[in-house]
Amino acid sequence: MSFETQTEVRGAVLFVKLIGLMDYSTVDNMKLEIPEHIRKIVVDFSRMDFIDSTGIGSLLSVIYTAGERNLDVEFEGLNDSTRELFETVGVFRIMEALLNGER
Amino acid sequence: MMFRKIMYHSHDESGSTPPFHTTLQREIHLARNIQMHLLNGEEPDLPYGEVTGVSIPARLIGGDYYDFYPLSNGKIRIIIGDVMGKGIPAAMLMILTRGAFRSAAEATKGPGETLTAMNNALYKDLRKLRSFVTVFCADWDPGAGTFIYANAGHNLPVVIRSNLREFKLPELKGVMLGGLPEQVYKEQQVRLEEDDLVFFYTDGIVEAQNQEGDMFRLERLVQLLMRHARESAAEIESAVIGAIHDYTKGLPQKDDITMVILKVGSEKTEISSFNVPLMRP
């Protein structure tokens, strides 16, 4: 299985679609460049088949970068198992902390 | 300013340098030995019941971790964890995690404080490395029958009661180690009874894949544990490893497989499985 990202810029929003298997063997394919004028990143998981801890690590990198640049991050298209995984490891808590400006 | 350059050379008797891959292989095997010895630590001596653990790395070395730390009054602190990533990088961080646990366990009163101290110790390094560790930590008091736990982003253990029904531990979530600074990890407490089984695990078990790419899944694990819950910890461990092997048909797995099995006993329980090797090749 493979992994790819599709990105599209609409105004100040960067849309990122994750497609396929996002794990240790594929995640190097995720190279996300965030243009200077972007104010918000929307990550679409609807076509993602699986994510492991390395994939979560890549997502966290995006979240940390967004936090440092005061950008909003929004997830969409999450299925129940991925949502539960993110709840368990604390991805949403980190997002809340960054968006609330705690860190 | 003066720079000093140190170069290390290794030569065989003929004076030639061994090929790079030979040196690398040797070093990986040495690293594996170090990891096995550290994981294969002192066996806990419970007054009642038994506890055992096993870790099977997907590669030569892995990033999963489990450990036991004896406390006063016959209590024991148990931890299981999973470092982000695989192979050598994950193994290096696993050693870091182990050191943080050993130091924190010594100086803290409960599992929540232990995780807080571990996160305080590890946060800056993990953040810098863009990595994280999920861990579940529990204090088991065999005398009082209390099981107090805290969680940093890990899945909760499966508990099978002596009546062979699954008991869902009260939900407890906490951010993974390295996720956010200054985290305070809450604790939950339950009472365990004689012959209860607590099965700690990493996701390599439920995500083990067969040739069709289907996962072993939690439901299958729970059913398996219900069937074997009355057996000894060593027998349960063998049953789980056997079931995963049968399911995957021995297919190489992507993720490490690690479990810790706690069987609650009575005063009469023989601690018979303590000679089980803690780590398999």
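Structure first, text after, so check above.
Please read these numbers as outputs of a predicted model, since none were measured by experiment. (Residues numbered from 1 in each chain as written. Chains lettered and ligands numbered in written order. Predicted model: local features only at pLDDT ≥ 70, side-chain atom pairs only at ≥ 80, totals over all residues.)

Asker: I would appreciate a short explanation of the overall build of chain A in the present structure.
Answerer: Of the regular secondary structure elements, chain A holds 3 helices and 4 strands. Seen in sequence order, chain A has helices and strands lined up from the N terminus as β-β-β-α-β-α-α. Relative to its length of 103 residues, chain A is compact, with a C-alpha radius of gyration of 13 Å against a globular reference of 13 Å. Dimensions of chain A along its principal axes, counting C-alpha atoms only, are 35 × 30 × 20 Å. (Helix = DSSP H or I, 4+ residues; strand = E, 2+ residues; numbered from the N terminus. Rg over C-alpha atoms; globule rule 2.2 N^0.38 Å.)

Asker: What am I meant to see in helix 1 (residues 53-68) of chain A here?
Answerer: An α-helical turn contains 3.6 residues, so any two residues separated by three or four positions project in the same direction. All names here are of chain A. In a regular helix each residue adds 1.5 Å, so 16 residues correspond to 22 Å; helix 1 covers 22 Å between its end C-alpha atoms and thus fits that length. Of the residues making up helix 1, those classed as buried are Ser53, Thr54, Gly55, Ile56, Ser58, Leu59, Leu60, Ile63 and Ala66. Trailing helix 1 by a residue or two, Asn70 shows a phi angle of about 60°, which is positive. (Expected span 1.5 Å × (residues − 1). Buried ≥ 20, exposed ≤ 12 C-beta atoms within 10 Å, placed from the backbone.)

Asker: Got a minute to help me understand the environment of Tyr65(B) in this structure?
Answerer: Residue and element names in this part refer to chain B. With respect to the helices, strands and loops of the structure, Tyr65 is situated in strand 2 (residues 64-70). When the C-alpha positions of Tyr65 and Val83 are compared, they lie 7.9 Å apart, and in sequence the two are 18 residues distant. If sequence neighbours within four positions are ignored, Tyr65 has contacts with Gly81, Val83, Met94, Thr97 and Arg98. (Contact = placed C-beta atoms within 7 Å.)

Asker: What is the right way to look at the sheet that holds strand 6 (residues 158-160) of chain B in this model?
Answerer: Residue and element names in this part refer to chain B. Taken in spatial order, the 5 strands make up an open sheet running 1-10-9-6-7, and their pairing is antiparallel. Of all strands in the sheet, those bounded by a partner on one side alone are strand 1 (50-56) and strand 7 (166-167). Here strand 9 (residues 197-201) runs beside strand 10 (residues 257-263); their pairing, made up of 5 bridges, is antiparallel. From the neighbouring strand, Tyr201 faces strand 10, where its bridge partner is Met259. In the packing of helix 5 (residues 218-228) onto the sheet, contacts are made with strand 6, strand 7 and strand 9, and the angle to strand 6 comes to roughly 30°. (Pairing = 2+ DSSP bridges. Axes fitted to C-alpha atoms, helices over the stretch in contact; angles between N-to-C directions.)

Asker: Help me understand the sheet that holds strand 4 (residues 133-141) of chain B, please; the structure alone is not making it clear to me.
Answerer: In a beta sheet, neighbouring strands pair by backbone hydrogen bonds and run either parallel or antiparallel. Residues and elements named next belong to chain B. Read from one edge to the other, the open sheet built from 5 strands follows the order 2-3-4-5-8, with strand pairing classed as antiparallel. Two strands close off the open sheet at either side, each with one partner strand: strand 2 and strand 8 (188-191). Sheet twist, expressed as the average angle between the axes of neighbouring strands with direction ignored, equals 20°. Two strands pair when backbone bridges link them, and strand 2 and strand 3 (residues 76-83) are joined in this way by 7 bridges, in the antiparallel orientation. In the sheet register, Tyr66 faces strand 3, and the bridge partner there is Ile80.

Asker: Would you take a moment to explain the interface of chain A and chain B for this structure?
Answerer: The extent of an interface is frequently quoted as the accessible surface area lost upon association of the parts. On the chain B side, the residues contacting the 14 residues of chain A number 17 residues. Elements represented by at least two residues in the side of chain A that touches chain B include exactly helix 1, helix 2 (80-89) and helix 3 (91-99) of chain A. The element that contributes the greatest number of residues to the side of chain A that touches chain B is helix 1 of chain A, accounting for 4 residues.

Asker: What's the story with the environment of Gly49(B) in this structure? I'm lost.
Answerer: Examined against the element boundaries, Gly49(B) turns out to sit in the loop between helix 1 (20-39) and strand 1. C-alpha separation for the pair Gly49(B) and Asp195(B), spaced 146 residues apart in sequence, amounts to 8.3 Å.

Asker: Explain helix 3 (residues 111-128) of chain B here, please?
Answerer: All names here are of chain B. A rise of 1.5 Å per residue sets the reference length of helix 3, with its 18 residues, at 26 Å; its end C-alpha atoms lie 25 Å apart and thus fit the reference within 8%. Most pronounced at Leu122, the bend in helix 3 amounts to some 50°. Residues of helix 3 that are buried sit in contact with strand 3, helix 2 (87-107), strand 4 and strand 5 (146-152). One or two positions beyond helix 3, positive phi appears at Arg130, with a value near 55°. (Bend = angle between axes of the 7 residues up to and from the residue.)

So far we have only geometry, and geometry alone does not tell us how the molecule works.
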